[in-house]
2 protein chains.
Amino acid sequence: MVVTIKDVAKRANVAPSTVSRVIADSSRISLDTKKRVRKAMKELGYYPNVNARNLAVRSSQAIGVIMPSSAETALQNPFFPEVLRGIGSTAHETEYSLYVSTGGNDEQLFEEVKRMVYGNRVDGMILLYSRVADPIMDFLVEANFPFVVIGKPYEQESRITYVDNDNYHASLELTNHLIDYGHRHIAFIGGTTDLVVTMDRLRGYRSALKKANLDFKDDYIVHDEFLRSSGRKAVERLFSLKKPPTAMVIADDMMSLGVINMLEEFGVDCPEDVSITSFNNLYLSELIRPALTTVDIQIYMLGVQSAKCLIEKLKHKEEPAKRIIIPYSIKFRNSTKNIN
Amino acid sequence: MVVTIKDVAKRANVAPSTVSRVIADSSRISLDTKKRVRKAMKELGYYPNVNARNLAVRSSQAIGVIMPSSAETALQNPFFPEVLRGIGSTAHETEYSLYVSTGGNDEQLFEEVKRMVYGNRVDGMILLYSRVADPIMDFLVEANFPFVVIGKPYEQESRITYVDNDNYHASLELTNHLIDYGHRHIAFIGGTTDLVVTMDRLRGYRSALKKANLDFKDDYIVHDEFLRSSGRKAVERLFSLKKPPTAMVIADDMMSLGVINMLEEFGVDCPEDVSITSFNNLYLSELIRPALTTVDIQIYMLGVQSAKCLIEKLKHKEEPAKRIIIPYSIKFRNSTKNIN
DNA sequence: GTGAAAGCGCTAACAT
DNA sequence: ATGTTAGCGCTTTCAC
């Protein structure tokens, strides 16, 4: 039924090991036998059994992609398909396969990761997020398993390879833009506080306020998931304040979308009554009205680079930890207004 | 270093085979030994090596997800992440892993599929598209490999399990809606002609025209990829006609997006000057202005159901071929105008 | 109810 | 340059 290396060997009149060497394109096999063996493979329709191979060499040619615990919710944000595109493209070029986590809750995800690692399912992995005190990251470090993270690690920064943007400065710049435009009441809507990216962007925002001698008000800070619904909720909170903000820095376009929707329902006009700046430059950010002024973080590139790093690391076990900062650029569009 | 079944066996004072049976939760192992073995596994931090297991049982607990050949382009359409979400959710529940194709060209994809099949990488697969004369589908049928397709197979419909919408009637209904609204010059912008879904939707459109005694004009038919750019190109063509259409049936929201953009650039107002109806109900369809009248095909559900079918099939080898039609509903929004 | 041993398909010394 | 052989870690007869 299934054709194995032995069948090929028989047909080509060589030993199985020779066939194996031909597969690996070993240099110490004569061109002649190579040809014969390859011919036999073609004729028999031979395909190597990856499980056997992986078992023998203790590796798979696969990389694991770890989404945040609830992959299902996460995939609602176009950020993830977009990094996936980048990763997939590199994986394809280098003939690696892609294994993606299927989510569940934190604990289940952790189990899935362990199965991938101990079960030899993947040779390395890419974490698509970075949280403070993430058991998964700790585990990977501990196990000395090759991985790279998209985002900045919370601890052991210098020992972990990661691909990130300069979120601090991007946020600073964004906030400055708002200040330049005359805004003095600027709110910040960020992701959950356990995400490092949230902290970085928040820091940038605070620095900008400080430099401009503006008060930092706790009321103006909202944290929630990178979802549309979170944006809506945030607006509800902020606009029930005695003094609602006239501008906001929002950490994700999807959230901004929710913000704009809710603002509309509240009868608050953007950018007339309130200015918005955002992050990610998802393609929808130029579709909606007003088109968003947002930071292009080059999501696709984040994916490509992280995969490249990982694969290098797999090839050369002792590759040092690297840090790659993907440049950002601010796309100025119509969601802010100069009120000077 | 790595802890194997032997280590566990030693620790629990049993034979490796017993450990194996405990893993499989065999009924002929005494509760007592089970406990002992499980304890040993915990203590040692044992995780089964999937490669070894798969090799022994000739299966993986993984399902392959095949995107259209250029996964990279495809992922630009939110349709794919959305089905992926559905598939992933089911996979997670049933403890299957997900293996996604990384694209390339047709030939490379075919090779990837063969590697998955012959290499025992996956137990079954889900095709996320259906084309006429698709070598991959032929191959899977031929090899008698378990798979399900999202969309309607071109041939051997009764022998292949698939999950689809009633695209014919949806399209018919959409076109009728336009006709009811007084439109007589209705164009059709569809996907490439090799996709079955394109044909089905085109048939629906034609039937509607016929019943209303309207001419079918070749000039009014455009075929291209499900991309934004295709929508733009289509508009260029259609609006260089002596008599441009006053309405269009568009087979994908992403295309519709391009159409609307281009229309705007042409100074043609939608829905004032031209009405648009579309397919898929991507979340962006309610974001853009005008909000799209579009067919909700329940993408997520397509994913969930296809995965369910596949897994059933894997469990019961002789499960008959099934056809599952996911109901659609038309979301009426603001992209059409009654010109009666 | 449990153990011994063969074998899944491949690779990698070690020979020659 | 090629063959022989011993595993890789697990499952599964077949014994007992």
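Residues numbered from 1 in each chain as written. Chains lettered and ligands numbered in written order. Predicted model: local features only at pLDDT ≥ 70, side-chain atom pairs only at ≥ 80, totals over all residues. Heavy atoms only, no water.

### Describing the overall build of chain A
In terms of regular secondary structure, chain A is built from 13 helices and twelve strands. Expressed along its principal axes, the backbone C-alpha trace of chain A runs to roughly 85 × 40 × 30 Å. Out of the 340 residues belonging to chain A, those deemed buried represent 57%. Counted over contacts in chain A with a minimum sequence separation of 6, partners at least 24 positions apart contribute 69%. Averaging the locations of the 43 positively and 42 negatively charged side chains of chain A gives two centres separated by 9 Å. (Helix = DSSP H or I, 4+ residues; strand = E, 2+ residues; numbered from the N terminus. Buried < 20%, exposed > 50% of the residue type's maximum accessible area, 1.4 Å probe, protein only. Contact = heavy atoms within 4.5 Å. Lys, Arg positive; Asp, Glu negative; His and termini not counted. Charge placed at Lys NZ, Arg CZ, Asp CG, Glu CD.)

### Comments concerning the protein's contact with DNA strand D
As a matter of local geometry, DNA strand D sits amid 26 residues, with A15, T18 and R21 of chain A together with I5 and Y46 of chain B nearest to it. Near-protein atoms of DNA strand D (within 4 Å) split between backbone and bases, with sugar and phosphate holding 63%. Contacts to DNA strand D include S17 of chain A, whose side-chain N or O atom sits 3.0 Å from a base oxygen. Of all the secondary structure elements, the ones that give two or more residues to the surface near DNA strand D are α2 (16–23) and α4 (50–57) of chain A together with α2 (16–23) and α4 (50–57) of chain B. With four residues, α4 of chain B is the largest single contributor of residues to the surface near DNA strand D. In terms of residue class, the surface near DNA strand D is built from twelve nonpolar, nine polar and five charged. (Near = heavy atom within 4 Å. Polar contact = N/O pair within 3.5 Å; in protein donor to acceptor, adjacent residues only side chain to side chain. Nonpolar A, V, L, I, M, F, W, Y, C, P; charged D, E, K, R; others polar.)

### A closer look at α4 of chain B
Residues and elements named next belong to chain B. Taken residue by residue, α4 has V50, N51 and N54 as its buried positions. All buried residues of α4 fall inside an arc of 100 degrees around its axis, so they share one side. Structurally, the start of α4 carries an N-cap: the backbone nitrogen of N51 is 2.8 Å from a side-chain oxygen of N49. R58 sits one or two residues past α4 and shows a positive phi near 55 degrees. (Arc of directions from axis to C-beta.)

### Describing the relation of the copies chain B and chain A
For the pair chain B and chain A, the best superposition has an RMSD of 0.2 Å and corresponds to a rotation of 180 degrees with a translation of 0.1 Å parallel to the axis. Overall, the copies show the geometry of a two-fold rotation axis. By residue overlap, the copies meet face to face through one surface: 100% of the interface positions of chain B are interface positions in chain A. (Least-squares fit on C-alpha atoms with pLDDT ≥ 70 in both.)

### Digging into the sheet that holds strand β5 (residues 161–165) of chain A
Ordered in space as β11(A)-β5(A)-β4(A)-β3(A)-β1(A)-β2(A)-β2(B)-β1(B)-β3(B)-β4(B)-β5(B)-β11(B), the twelve strands form an open sheet in which the pairing is mixed. Strands at the two margins of the open sheet, each flanked by one partner only, are β11 (323–326) of chain A together with β11 (323–326) of chain B. If you compare each strand with its neighbour and ignore which way they point, the axes differ by 20 degrees on average. Note that strand β2 (residues 97–100) of chain A and strand β2 (residues 97–100) of chain B share three bridges and pair antiparallel. By the bridge assignment, V100 of chain A is partnered in β2 of chain B with L98 of chain B. Here helix α13 (residues 299–315) of chain A sits on the sheet and contacts β1 (62–66), β3 (124–127), β4 (147–150), β5 and β11 of chain A; the angle it forms with β4 of chain A, its principal contact strand, is near 165 degrees. (Pairing = 2+ DSSP bridges. Axes fitted to C-alpha atoms, helices over the stretch in contact; angles between N-to-C directions.)

### Considerations on the UniProt feature "domain: HTH lacI-type" (unreviewed entry) in chain A
Those residues carrying the UniProt feature "domain: HTH lacI-type" (unreviewed entry) are residues 3–57 of chain A in this numbering. As annotated, residues 3–57 of chain A has a helix share of 69% and a strand share of 0%, and its two end C-alpha atoms lie 20 Å apart. (UniProt positions renumbered as here; feature names shortened; annotations may be inferred.)

### Observations regarding the protein's contact with DNA strand C
I5, S20 and Y46 of chain A together with T18 and R21 of chain B are the nearest of the 26 residues found near DNA strand C. For DNA strand C, the backbone makes up 71% of the atoms found within 4 Å of the protein, where backbone means sugar plus phosphate. Here A15 of chain B contributes a backbone N or O atom positioned 2.7 Å from a phosphate oxygen of DNA strand C. S17 of chain B is positioned with one of its side-chain polar atoms (N or O) 3.3 Å from a base nitrogen of DNA strand C.

### Description of the nonpolar core
Membership of the largest hydrophobic core comes to 149 residues, with the highest contact counts inside it found for M248 and L263 of chain A together with M248 and L263 of chain B. Not counting residues within four places of it along the chain, the set of residues in contact with L263 of chain B comprises V235, F239, M248, V268, C270, V274 and I276 of chain B. Residues M125, L127, I136 and Y162 of chain B belong to the second largest nonpolar core, which totals 41 residues. (Core = buried A, V, L, I, M, F, W, Y, C linked by side-chain atoms within 4.5 Å.)

### Examining the pattern of salt bridges
All names here are of chain B. Considering all chains together, one arrives at 36 salt bridges over all chains under this definition. One salt bridge in this structure joins K152 and D200, with 3.3 Å as the shortest N-O distance. One end of the pair, K152, is in the loop between β4 (147–150) and β5 (161–165); the other, D200, is in helix α10 (residues 196–211), and 48 residues separate them in sequence. Of the two residues, K152 and D200, both sit in the buried class. D200 is paired through a salt bridge with R203; the nearest N and O atoms lie 3.1 Å apart. (Salt bridge = Lys/Arg side-chain N within 4 Å of Asp/Glu carboxyl O.)

### Focus: the packing of aromatic side chains
Inspection of every chain in the model, using the stated rule, returns 13 aromatic pairs over all chains. Here Y47 of chain A and Y118 of chain B contribute two aromatic rings whose centre-to-centre distance is 4.9 Å and whose plane-to-plane angle is 25 degrees, an arrangement assigned as stacked. Of the two residues, Y47 of chain A is situated in the loop between α3 (31–44) and α4 and Y118 of chain B in helix α7 (residues 106–118); the pairing between them involves two chains. Judged by relative accessible area, Y47 of chain A falls into the buried class, the value being 17%. In this arrangement the basic side chain of R201 of chain B is found over the ring face of F279 of chain B, its NZ or CZ atom lying 3.9 Å from the centre. Lying over the aromatic face of Y220 of chain B, K217 of chain B brings its terminal NZ or CZ to 4.4 Å of the ring centre. (Phe/Tyr/Trp six-rings, centres within 6.5 Å; stacked < 30°, edge-to-face > 60°. Lys NZ or Arg CZ within 6 Å of the ring centre and 35° of its normal.)

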